[in-house]
Amino acid sequence: MVGVPQADGRRRVTTSGSTEALKRTLVVLAFAAAVWVGHPALALFVGALVSVALAPNLPSIVDRAGKLCLKSAIVILGFTLNVEAIWQTSRDYSGLVVTFVACTLFAGLVIGRLVKVDEDQSRLLSTGTAICGGTAIVTLAPVIRARPESVAICIGIVFILNAIAILVLPWLGGYLRMTQDQFGVWVALAIHDTSSVVGAAAIFGERALEVATTVKLVRTLLLVPIVLLAGILLRQSEAKLRIPAFLVLFVAASFAGSWLEPAVAVVDQAKAASHFLLIVALFLIGMEIRRSTLASLNARAVWLSVVLWLMLVPVTLLAAMSW
């Protein structure tokens, strides 16, 4: 009699372990399929689907690996770009980027107040939409002393909108017969996170990817003054000058590539490596959308994000096609 509960306990542990092993096997198979197909939107979608459907218990290093792969993909892409072209693109569109960020922040805060969104969530979502999605939200959160649940809700909303954007915008750009430059500028402004901007642009074409990456990185740099300004206005000491290291490495890689003038074969291999890392990154980033993410969504915050985004998509489209 004494041994029965112990046997039952071992049986439950064994069953639980077998289930988790099966889940991890399915994750690996889904990952292999996404990499084999090599489509950025599919990688993000499959990663999210696997995460929500299976809820696998994966080590925390998986989340960090996704961000590392994305940053590595961007840095390697920088090696394939000419620094003069990057400077030209940055100069041509910096005015548009600054105007976009300022107007988006203002519109988000006003709409948030009108629909009575939680103040923390309104600030986080407005900044995330204006600059760089989850990165902006996580960076601003300690400055405004946002509650952890507010941060989780805002990141969840942004992830879902990113997933929609990477599926819809490349199709819409093709339907509208946008040029590579126009589409690159559009997605660099219309999509929140860098990962989804790069993913959507990669679907459309190489030139769109180059333009989108450059314009998006200019937009990301505006996070520095915004965070510093928020710290001054709110008198918070947490506001610090933070320039993302991968931006510096991206510029350094472009200088190196321009100076070394590598052979075409080397450039092609670098582009292939960047694309592979992007696919891996999008799959892993997709897996950050979990059941808890969906369960934590707040109706007012969702309303603010969707309204603001639906306003920005056509506005940025017109700006990209006429700038």
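The rules behind each value
Residues numbered from 1 in each chain as written. Predicted model: local features only at pLDDT ≥ 70, side-chain atom pairs only at ≥ 80, totals over all residues. Heavy atoms only, no water. Helix = DSSP H or I, 4+ residues; strand = E, 2+ residues; numbered from the N terminus. Rg over C-alpha atoms; globule rule 2.2 N^0.38 Å. Buried < 20%, exposed > 50% of the residue type's maximum accessible area, 1.4 Å probe, protein only. Contact = heavy atoms within 4.5 Å. Axes fitted to C-alpha atoms, helices over the stretch in contact; angles between N-to-C directions. Parallel < 35°, antiparallel > 145°, perpendicular 65-115°, else oblique. Left-handed = near helix turned anticlockwise from the far one by under 90°. Nonpolar A, V, L, I, M, F, W, Y, C, P; charged D, E, K, R; others polar. Salt bridge = Lys/Arg side-chain N within 4 Å of Asp/Glu carboxyl O. Core = buried A, V, L, I, M, F, W, Y, C linked by side-chain atoms within 4.5 Å.

Participant: Can you walk me through the overall build of the protein in this structure?
Facilitator: Scanning the protein from terminus to terminus reveals 15 helices and zero strands. The C-alpha radius of gyration of the protein comes to 21 Å, within 12% of the 20 Å expected for a compact globule of 323 residues. In terms of principal-axis extent, the alpha carbons of the protein reach across some 80 × 55 × 40 Å. Here the protein, with 323 residues, has 49% of them falling under the buried criterion. For the protein, long-range pairs separated by at least 24 residues make up 83% of all intrachain contacts whose partners lie at least 6 apart in sequence.

Participant: Sorry, what's going on with the packing of helix α4 (residues 83–114) against helix α10 (residues 206–221) here?
Facilitator: Between two packed helices, the angle of one axis relative to the other and the distance separating the axes together describe the packing. Between α4 and α10, the least distance of the axes is 8 Å, while the angle of their chain directions is 55°. In terms of orientation, α4 lies oblique with respect to α10. Crossing geometry of α4 relative to α10 is assigned as right-handed. From α4, Ile86, Thr89, Ser90, Tyr93, Val97, Phe100 and Val101 reach across to α10, where they touch Arg207, Val211, Thr214, Val215, Val218 and Arg219. Here the residues of the contact of α4 with α10 sort into eight nonpolar, three polar and two charged.

Participant: So what exactly am I meant to see when it comes to the environment of Val75 here?
Facilitator: Along the chain, the position of Val75 falls in helix α3 (residues 61–79). Looking at Val75, the relative accessible area reads 19%, which means it is buried. Residues Val75 and Phe246, spaced 171 residues apart in sequence, show a C-alpha to C-alpha distance of 6.6 Å.

Participant: Would you mind showing me how to read the packing of α3 against helix α12 (residues 245–260) here?
Facilitator: Taken N-terminus to C-terminus, the directions of α3 and α12 make an angle of 25°; their axes are 6 Å apart at the nearest point. As the angle between them shows, α3 and α12 are arranged roughly parallel. Judged by the sense of rotation from one axis to the other, the crossing of α3 with α12 is right-handed. Residues Lys71, Ile74, Val75, Leu77, Gly78 and Phe79 of α3 lie in contact with α12, whose contacting residues are Phe246, Leu249, Phe250, Ala253, Ser254, Ala256, Gly257 and Leu260. Classifying every residue of the contact of α3 with α12 gives 10 nonpolar, three polar and one charged.

Participant: Could you clarify how one ought to interpret the pattern of salt bridges in this entry?
Facilitator: Tallied over the entire structure, the rule returns six salt bridges. Across the pair Asp120 and Arg147 runs a salt bridge whose closest N-O atoms are separated by 3.5 Å. Placement of the pair is Asp120 in helix α5 (residues 119–130) and Arg147 in the loop between α6 (133–144) and α7 (148–175), with a sequence separation of 27 residues. Looking at Asp120, the relative accessible area reads 11%, which means it is buried.

Participant: Looking at this model, I keep getting lost on the nonpolar core. Mind explaining?
Facilitator: If you look at soluble globular proteins, the nonpolar side chains tend to sit buried side by side. Ranked by size, the top nonpolar core spans 101 residues in total, and within it Val101, Leu124, Ile131, Val185, Trp186, Val187 and Phe283 carry the most contacts. The greatest single-element share of this core, amounting to 12 residues, is contributed by α7. In contact with Leu124, other than residues within four places in its own chain, are Ile137, Leu140, Ala141, Ile144, Ala146, Ser150, Val151 and Cys154.

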